[in-house]
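What follows is the residue order along each chain.
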Amino acid sequence: MQHRGKLKVYLGFAPGVGKTCAMLDEGHDLYGRGHKVVVGLVEHHGRAHTKSLLEGLPVINTREVMYRGNPYRELDVDAIIAAEPEYALIDELAHTVVGQEESKDFLPQRKRWHDVYQLLDMGIDVISTMNIQHLESLNDVVAAITGVRQLETIPDKVLRDADEIELVDLSPDALRIRLSRGEIYRKEQAELALRKYFRPGNLTALRELALLWLADKVEEVLDQYREEQNIEDHWMTRERVVVAVRDGANAEAMIRRGARMTGRVAGREMIVVHITAEDDGLDRGYLTRLRKLQDLTESLGGQWRTLVGDSVPEILLEFSRTVNASQLVIGSERGIRRYVGLSITQRIIDQAGPIDVHIISSSTPQKTQHRRTFRSQFSRPRHITGWALAFFGPVLLTLLLWNLDTGPEFLGVLLLAYLIPVVFAAMAAGLLPALAAVMLGSLLANWYFIDPVFTMSITNPASMVQIVIFCVIAAAVATVVEHSERRREAADRSLNQAVVMSELAHGVIHDGDNLAHLVHALADTFSMERVDVQRYSSERKNWLTIVTTAEQGLCEPWPAQLPMSKVTSGDDLRLLLSGHELTAAETAMIAAHGSRIRALLDNEEIVAMRRATAAMEAGHRVGSAVLTAVSHDLRTPLASIKAAVSSMTMDDVELDEDSRRILLETIESSADRLEVVIGNLLDASRLDSYSRRVESRKVSVNDVVDAVCAELPEAAAHLTRDIDPEAHSVKGDPGFIQRIISNIVMNARQYAPESQLTIRTRLSTGSSSSSSYTSEVETVDIVMIDHGKGIPEDKLKDVFQPFQRLGDYSTHSQGLGLGLAAAARFADAMGGTIHAEHTPGGGATFVLTLPKASVEHKEQEVPTEGEDEIPAPIEQNTHG
């Protein structure tokens, strides 16, 4: 399997910093070390030093493209591939290929990086150049800085995917000196550039943009290196501030404080983290408040993260090390915890290592804070059951034990029996009902079974010790049982999440790249009424819905009565969901699938880009064929006309009548040929628009053949007909049918001049479709048979494509190659078909199938736009 080539880009912040020279210097170095290097294209802009660096390197000739009357040089990809180099030097990665107009289908223009990708796919390493202002994501920023919007841009992904990026840096003052010396532009241009684009402020800002962007790229490479080498040490490659917030009024102030800290130095990042326990039960407004904090974070340019776990210091520090944070901002603690060695703040400081820890005091009165009201995650029925066991369990157990008439010697056994309702209460509803069962059980045991009975006093010290031990053991058992039950509940939730993720993963595998199915599966899995996938458009400056589960599709607005939950995936993708409040775990799972959705969208963009590239390449090939054919077919008759006219107007030559007649016939025949060529081009332009009315009436095949013989008298002597009396009339447009038969007859005379052409008809059966049904109808095949060389098997379908002259197997290839393409379009316009097949014994057979005309068929017209003219005969496609 052929390996893909590597891409290296020399990145600059402005023209003239030395990107091209650096690329050529590396080319000389590689060439001197024995590598096969070629120069694909270098834009030297007339600079003497750049031109001198081209000397000594093999240069691939560029292809010349005429665009709007002017010649341009473009990269010759095929020539580079044919040279089989190891390295190709290609300047200006963001350049738009000249001669490529945006199509009516809004296909993107071909860029030079498309050509570079083609070379990379062939295993050729490419070294290229570009300036930072050509990045798509920085287009608005650059326009705001310089006042000039760059029209030639490339997606950020192209540069990020480069295997190596080297910044060519130069101070703004040094660049302005180089410009003033005329080393970049001519003197008159340099003076204007110094006052406008090359102002010191502009250059400084562009340079900073390049440095910051490259810093991001360097960090990506470092992260990849650390992962590959299993390096766990904390590398602070840039300033990244992590702000840890609680659910309180002080959280917003801390986020704003973190934003001020990151805003002091360009390039800093802020990540706001909220940690929730695995078994947290929270009040109803908790998620709403978190969503408000998330919106504030994103509005200030930060990132929001929700982490799940019980050990706050360990989780917070582990996350900070994972993202290579340099600073950690936490709030000050209140209460007794900080005085008894339980301070989370102190534990964070002790374990932070190289991370700077900032402790922010709260200026907000504590009474105004939002308290995270504890509420068990147990359901209401379980709460009722737990408290019922806590109150009625000890009472019923007391009645049972009282009837057993036990003595003081069984006091230890009696107290152990009171652990039964404690355990069941803890299992049902947690610690509080269990502690209530402990208190009630100890009181009942003291009243009924400890001497003196029916009093709360205890005279025997041993009994007192037993009661105390019972309370301690019962409380401990209740705590352990409650903790175990919570862990079991957490495990059940984790299992449920795993099942959900498994189902969604199965849906991804089953549905493949079907984004709509994935979003509907997401809605079904989480019981959502509606899910919208939105992407941010940098051009329109708003969010656009690209996929929705709404019944009426994208046109259906979001109902005002539906609550909305928002889950973001990066800066430009979010999911809007309605149905119920999302838990932190559900939010995390949906965010994970947001990454999958992003991958699908990116893949769709890549596929669309490849299709657009293929379409542009096909259009380029067609355009080249048109230019070749038109230039030949116009030049030849024009040259004949010019030669004949020049001969007739010469004063020193006396022409007799025969010579003058021959010259006039030459002029007339050449003018006729020009008329045909121009008519071909006009008809070709009408093929897609059907710029005439298509008649639908009863047409006699004999009458059409007679008209063709009258139109082509020379061909009539070689034409025979075999018209079936049962298949002598068809339904269609007589002009179109005549044009189709004429084109095929002229083809046969040109490429099988010695062959007899036979036209015969036969009955057949076709299908007719309407909006509600499909039925079989009786059709007529008009079969045109010659016995020439025939058509190669692999060319049978190509003969109906425009501009396909198939000259590779025929020496008679002339013309634009539009005849059979027009025939196919005309047949389709009448609701018929045409195909080619081999003639038994050699030759080509064309079969035109049209609906059979019924006796009562009346003339109709299919209304279309355009003129009412019948198209003139179109020049022939070659077929052999």
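Up top is the structure these notes are about.
**Description of the pattern of salt bridges**
Step number 1: Under the defined criterion, the tally for this structure stands at 24 salt bridges.
Step number 2: Measuring nitrogen to oxygen at the nearest pair gives 3.3 Å for the salt bridge that ties K8 to E166. One end of the pair, K8, is in strand β1 (residues 7-12); the other, E166, is in strand β7 (residues 164-167), and 158 residues separate them in sequence.
Step number 3: For K8, a relative accessible area of 11% gives the class buried.
Step number 4: When its relative accessible area of 34% is taken as the criterion, E166 is described as partly exposed.
Step number 5: Between D658 and R661 there is a salt bridge, with its nearest N and O atoms 3.9 Å apart. Of this pair, D658 and R661 both sit in helix α21 (residues 657-687), three residues apart, which is roughly one turn of that helix.
Step number 6: Residue classification places D658 among the partly exposed positions, given a relative accessible area of 48%.
Step number 7: Here the salt bridges do not stand alone but share partners, grouping K8, E26, E164 and E166 into one network.

**Description of the environment of T276**
Step number 1: Among the structural elements, T276 can be located in strand β9 (residues 269-276).
Step number 2: The exposure class of T276 is buried, given its relative accessible area of 5%.
Step number 3: It is 6.3 Å that separates the C-alpha atoms of T276 and L307, two residues lying 31 residues apart in sequence.

**Quick word on the sheet that holds β9**
Step number 1: Reading across from one edge, β10-β9-β8-β11-β12 is the order of the five strands in this open sheet, with parallel pairing throughout. Strands at the two margins of the open sheet, each flanked by one partner only, are β10 (303-308) and β12 (356-360). Pairwise comparison of adjacent strand axes, ignoring direction, gives a mean angle of 25° for this sheet.
Step number 2: Where strand β8 (residues 240-244) and β9 come together, five bridges link them in parallel fashion.

**Things to note about the nonpolar core**
Step number 1: Within the largest apolar cluster, 62 residues are counted, with the highest numbers of intra-cluster contacts made by F13 and L175.
Step number 2: Of the residues forming this core, the biggest block, six residues, is contributed by helix α9 (residues 200-229).
Step number 3: If we skip the residues at most four places from it in the chain, F13 touches N131, I132, Q133, D169, L170, L175, L203, L206, R207 and A210.
Step number 4: Judged by nonpolar contacts, the second largest core, of 42 residues, contains A727, F800, A822 and I834.

**A short note on helix α5 (residues 139-146)**
Step number 1: All of the buried residues in α5 are N139, V142, A143 and T146. All buried residues of α5 lie within an arc of 100° about the axis, which places them on one face of the element.

**Side note on unusual backbone geometry**
Step number 1: A positive phi is found at E84, a non-glycine position, where the angle reads about 55°.
Step number 2: Locating E84 in the fold gives a position in the loop between α3 (77-83) and β5 (87-90).
Step number 3: Assessed through its relative accessible area of 61%, E84 is described here as exposed.
Step number 4: At E92, a position not held by glycine, the phi torsion is positive, near 55°.
Step number 5: Within the secondary structure, E92 sits in the loop between β5 and α4 (112-121).
Step number 6: Take E92: its relative accessible area is 25%, and that puts it in the partly exposed class.

Cut-offs and rules
- Residues numbered from 1 in each chain as written.
- Predicted model: local features only at pLDDT ≥ 70, side-chain atom pairs only at ≥ 80, totals over all residues.
- Heavy atoms only, no water.
- Salt bridge = Lys/Arg side-chain N within 4 Å of Asp/Glu carboxyl O.
- Helix = DSSP H or I, 4+ residues; strand = E, 2+ residues; numbered from the N terminus.
- Buried < 20%, exposed > 50% of the residue type's maximum accessible area, 1.4 Å probe, protein only.
- Pairing = 2+ DSSP bridges.
- Axes fitted to C-alpha atoms, helices over the stretch in contact; angles between N-to-C directions.
- Core = buried A, V, L, I, M, F, W, Y, C linked by side-chain atoms within 4.5 Å.
- Contact = heavy atoms within 4.5 Å.
- Arc of directions from axis to C-beta.

Geometric values such as these leave the question of function open.
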